Amino acid sequence: MTLRFVGIDPNTGGEGSPTVWVEEESADLIVQGEEADELLKSLVGSTEWVAGHTTGIPPHERVIRVPFRMVKILREACDAAERAAEHRDVR
């Protein structure tokens, strides 16, 4: 597994910083961020976002909050993921 560092929260204070990587082999985005608070998790988990899709947050998933100031970093990560997928024919 090879992680390509894309960016870190520009307002980081040196601890617990939201960070984004691309896993080169799968072209998946890997995101470290603050776990959502109970109110946000409740909203996400109780809303039927796609008709007929089960509501709730499965035990193996988390709702992560990524600060707005990282939008540019996420765009860069998406571009890097697309490039990685093109080179490895990942679909």
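See the structure shown above.
Please read all numbers here as calculations on a predicted model, not as lab measurements. (Residues numbered from 1 in each chain as written. Predicted model: local features only at pLDDT ≥ 70, side-chain atom pairs only at ≥ 80, totals over all residues. Heavy atoms only, no water.)

A. Summary view of a negative patch on the surface. Together, Glu76, Asp79, Glu82 and Glu86 make up a negatively charged patch on the protein surface. Residue placement: Glu82 occurs in helix α2 (residues 71-88). For Glu82, a relative accessible area of 51% puts it in the exposed group. (Patch = residues over 30% accessible without salt bridge, like charges linked within 9 Å, V, L, I, M, F, W, Y side chains within 5 Å. Areas by Shrake-Rupley, 256 points an atom, 1.4 Å probe, with all protein chains shown as cover. Salt bridge = Lys/Arg side-chain N within 4 Å of Asp/Glu carboxyl O. Lys, Arg positive; Asp, Glu negative; His and termini not counted. Charge placed at Lys NZ, Arg CZ, Asp CG, Glu CD. Helix = DSSP H or I, 4+ residues; strand = E, 2+ residues; numbered from the N terminus. Buried < 20%, exposed > 50% of the residue type's maximum accessible area, 1.4 Å probe, protein only.)

B. Broad picture of unusual backbone geometry. Here Ala27, not a glycine, exhibits a phi torsion of approximately 65 degrees, which is positive. Looking at the element boundaries, Ala27 is found in the loop between β2 (19-23) and β3 (28-32).

C. Representation of the layout of surface pockets in the model. A volume near 210 Å³ is recorded for the largest pocket. Along its surface, the largest pocket is lined by 13 residues, and His53, Thr54, Gly56, Pro58 and Glu61 are the ones closest to its centre. The residue inventory of the lining of the largest pocket, partitioned by class, reads 6 nonpolar, 5 polar and 2 charged. (1 Å grid on protein atoms, 1.4 Å probe; cavity = no way out; pocket = protein on both sides within 12 Å on 5 of 7 lines; lining within 4 Å. Points joined across faces, edges and corners; volume = space filled by probe spheres on them. Nonpolar A, V, L, I, M, F, W, Y, C, P; charged D, E, K, R; others polar.)

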